[in-house]
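Listed here are the chains, written in short residue letters.
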Amino acid sequence: GGAILAAGPAADAATLNTALHQLVDELKPMPAEVEGRTQAFELVQAVLLARWPEAKVHVFGSSANNLSICNNNDVDMTLELQHLPDAPGAKAAVVEEMGRLFMQAGVKDVLLLPKARVPVVKLVAPTTNTRIDLTVNNLLAIVNTKLLRDYSVIDPRLAQLVFVVKHWAKRRQVNDAYRGTLSSYCYVLMCIAHLQHRSPPILPCLQALPPTHIRTIGRWNCDYHDQVEGLRGYGAGNTETLGDLVWSFFEFWAWRHDFNNSVVTIRTTTPVSKAEKEWTKRVGNERHLVSIEDPFELSHDLGRTMDRQTTSVLHKEFERAAGLLRDDPEPLPKLLEPYRA
Ligand code: ATP
Ligand code: MG
């Protein structure tokens, strides 16, 4: 029964909460790291605008959404080109040309992946060692980054919870989409969904409010309410602390979420089932064992990288975390202990 599972953490609530806030402070990126990303952006922008003066270079992902933790020297950027044909191979050709431009500019670490699902060039900024992932016309990523940033403005508890969860996921090695676990982006969406479902809610559902940001990208409607200044304090009626939220987050994913039938979504607070999305059968390598709906690209199940083995690993990690919080009076050292195979 749920009543027993929900008994609550073994730790003293105030002590746990203070320790978590201290951790969040330690996870904030240092000014030097932020400066390194800014310099990397300026380098990329200078090289690309010399070749495409009409284009725009955007930073997206955690460097642009207030949700980045320290020691993550990665920055995601995309080149926005107005008149790129939709033809397959068009982005790959631009990626190859960008690679040449950076090599000519003296950047030594340039890796081209033009055939990837999202063609990308990876480079390392020479002075700061910042790792850059550069794509072309990744317009959905620009908008979903803005959506996440807008959510982060509404209530500070979102960024705090995200910091703890990202740090936990990296330490426990369940934050690598290439190895079949979940991307940071997925964890952020899970945190937003969690705060939307608290009672009373801590976050609204911005896609369910009257839209003020109107945008369509390809066939995807990206409208949502982006006047978030007016929503600051939306969650004030909910007094849960970071400690409470970390507990309920892990407890939910360990013991309550119905992985078999339901879809994680932030687009609506109405439950969404795998059945209605037709995410019930394996198609090729897409298994839909853990389903997380992209907020805009609705056909995209962000959890499709998970297989049986990684799903079981992830579920055990959620159970381990929830169990430690429930039973251990001082749970953080073990909760965040690096995973050893
Ligand atoms: P970290 O701080 O660990 O780098 P992050 O917040 O930058 O995490 P990533 O998983 O690196 O998150 O993703 C960066 C951005 O790329 C996301 O904010 C999102 O805009 C975009 N993105 C990542 N994965 C996907 C995906 N599968 N589909 C669509 N957009 C994605
Ligand atoms: Mg990133």
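If you're wondering where the values come from, they're calculated on a predicted model, not measured in any experiment.

Q: Before we go on, may I ask you to explain the overall build of the protein in this structure?
A: Per the secondary structure count, the protein includes 11 helices and 10 strands. Considered along the principal axes of its C-alpha atoms, the protein spans approximately 60 × 45 × 45 Å. A total of 341 residues make up the protein; the buried ones form 52% of that total. When contacts within the protein are restricted to residue pairs at least 6 apart in sequence, long-range pairs at least 24 apart make up 66% of them. Here the protein displays about 16500 Å² of accessible surface, and carbon together with sulfur accounts for 52% of that area. Charged side chains of the protein number 37 positive and 39 negative; the gap between the two group centres comes to 4 Å.

Q: How should I be thinking about the nonpolar core in this particular structure?
A: Buried together is how nonpolar side chains tend to be arranged in soluble globular proteins. Judged by nonpolar contacts, the single largest core of 69 residues is most densely connected at Trp-168, Tyr-187 and Phe-318. Elements that contribute at least two residues to this core include exactly helix H2 (13–27), helix H5 (139–154), helix H6 (156–171), helix H7 (184–196), helix H8 (242–256), helix H10 (308–327) and helix H11 (332–335). Residues lining this core come from more than one domain, with at least three contributed by each of domain 1 (13–27 + 141–335) and domain 2 (31–137). Filtering out sequence-adjacent residues up to four positions away, Trp-168 remains in contact with Val-174, Tyr-187, Phe-250, Glu-317, Phe-318, Ala-321, Leu-335 and Leu-336. Among the nonpolar cores identified, the runner-up in size contains 25 residues, and Ala-55, Val-57, Val-95 and Phe-102 belong to it.

Q: How should the packing of aromatic side chains be read in this particular structure?
A: One pair of aromatic rings is described through two measures. These are the centre distance and the angle between the planes. Summed over all chains, the structure comprises 11 aromatic pairs. Pairing Trp-168 with Phe-250 gives two aromatic rings, centres 4.8 Å apart and planes at 65°, and the pair type is edge-to-face. Remark: Phe-250 occurs in helix H8 and Trp-168 occurs in helix H6; sequence separation between them is 82 residues. Under the relative-accessibility criterion, Trp-168 is labelled buried at 0%.

Q: Sorry, what's going on with the site of ligand 1 here?
A: Near ligand 1, the surroundings consist of 16 residues, among which Ser-62, Asn-144, Lys-166, Lys-170 and Ser-184 are the closest. Residue Ser-62 places a main-chain N or O atom 2.8 Å away from an oxygen atom belonging to ligand 1. In the environment of ligand 1, an oxygen atom lies 3.2 Å from a nitrogen or oxygen atom belonging to the backbone of Tyr-185. Burial of ligand 1 by the surrounding chains reaches 80%, relative to a free accessible area of 610 Å². Among the secondary structure elements, those contributing two or more residues to the shell around ligand 1 are H5, H6 and H7. For the shell around ligand 1, the leading source of residues is H5, giving three residues. When residues of the shell around ligand 1 are assigned to domains, at least three map to each of domain 1 (13–27 + 141–335) and domain 2 (31–137).

Q: Looking at this model, I keep getting lost on unusual backbone geometry. Mind explaining?
A: Most peptide bonds take the trans form, and the phi angle of most residues other than glycine is negative. Residue Pro-200 is reached from Ser-199 by a cis peptide bond, and omega for that bond is -5°. Tracing the backbone through its elements, the reader meets Pro-200 in the loop between H7 and strand E6 (216–217). Of note, the phi angle at Glu-278 is positive, near 60°, even though the residue is not glycine. Inspection of the secondary structure assignment puts Glu-278 in the loop between helix H9 (274–277) and strand E10 (291–292). Judged by relative accessible area, which is 69%, Glu-278 ranks as exposed.

Q: Please explain helix H3 (residues 31–51) as it appears in this structure.
A: Its 21 residues place the ends of H3 31 Å apart at the C-alpha level, agreeing with the 30 Å of an ideal helix rising 1.5 Å per residue. Buried-residue contacts for H3 involve strand E1 (56–60), strand E2 (74–80), helix H4 (90–104), strand E4 (120–124) and strand E5 (131–136).

Q: I would appreciate a short explanation of the pattern of salt bridges in the present structure.
A: One side chain can pair with another of opposite charge once the charged atoms of both are near each other. Overall, the coordinates contain 19 salt bridges when judged by the stated rule. As a salt-bridge pair, Lys-146 and Asp-150 come within 3.0 Å of each other at their nearest N and O atoms. Highlighted residues: Lys-146 and Asp-150, both in helix H5, separated by four residues, approximately one helical turn. Between Glu-251 and Arg-256 there is a salt bridge whose closest N-O contact spans 2.7 Å. The partly exposed category is assigned to Arg-256, whose relative accessible area is 40%. If you follow the salt bridges from partner to partner, you end up with Lys-146, Asp-150 and Asp-226 in one network.

Q: Just to check I follow, could you spell out the domain arrangement of the protein for this structure?
A: In many analyses, interface size is given as the accessible surface area lost on bringing the parts together. Splitting the protein by domain gives domain 1 (13–27 + 141–335) and domain 2 (31–137). Between the C-alpha centres of domain 1 and domain 2 the distance comes to 27 Å. In this complex, domain 1 contributes 18 residues to the contact, which on the side of domain 2 involves 13 residues. Between domain 1 and domain 2 lies a buried interface of about 1400 Å² when both sides are counted; carbon and sulfur atoms form 64% of it. On the surface where domain 1 and domain 2 come into contact, there are zero salt bridges. The biggest single contributor to the side of domain 1 that touches domain 2 is H5, with seven residues. Residue composition of the side of domain 1 that touches domain 2, grouped by class: nine nonpolar, four polar and five charged.

Conventions used here
Residues numbered from 1 in each chain as written. Chains lettered and ligands numbered in written order. Predicted model: local features only at pLDDT ≥ 70, side-chain atom pairs only at ≥ 80, totals over all residues. Heavy atoms only, no water. Helix = DSSP H or I, 4+ residues; strand = E, 2+ residues; numbered from the N terminus. Buried < 20%, exposed > 50% of the residue type's maximum accessible area, 1.4 Å probe, protein only. Contact = heavy atoms within 4.5 Å. Areas by Shrake-Rupley, 256 points an atom, 1.4 Å probe, with all protein chains shown as cover. Lys, Arg positive; Asp, Glu negative; His and termini not counted. Charge placed at Lys NZ, Arg CZ, Asp CG, Glu CD. Core = buried A, V, L, I, M, F, W, Y, C linked by side-chain atoms within 4.5 Å. Domains from an automatic or database assignment. Phe/Tyr/Trp six-rings, centres within 6.5 Å; stacked < 30°, edge-to-face > 60°. Near = heavy atom within 4 Å. Polar contact = N/O pair within 3.5 Å; in protein donor to acceptor, adjacent residues only side chain to side chain. Expected span 1.5 Å × (residues − 1). Salt bridge = Lys/Arg side-chain N within 4 Å of Asp/Glu carboxyl O. Buried area = accessible area lost by both parts, 1.4 Å probe. Nonpolar A, V, L, I, M, F, W, Y, C, P; charged D, E, K, R; others polar.

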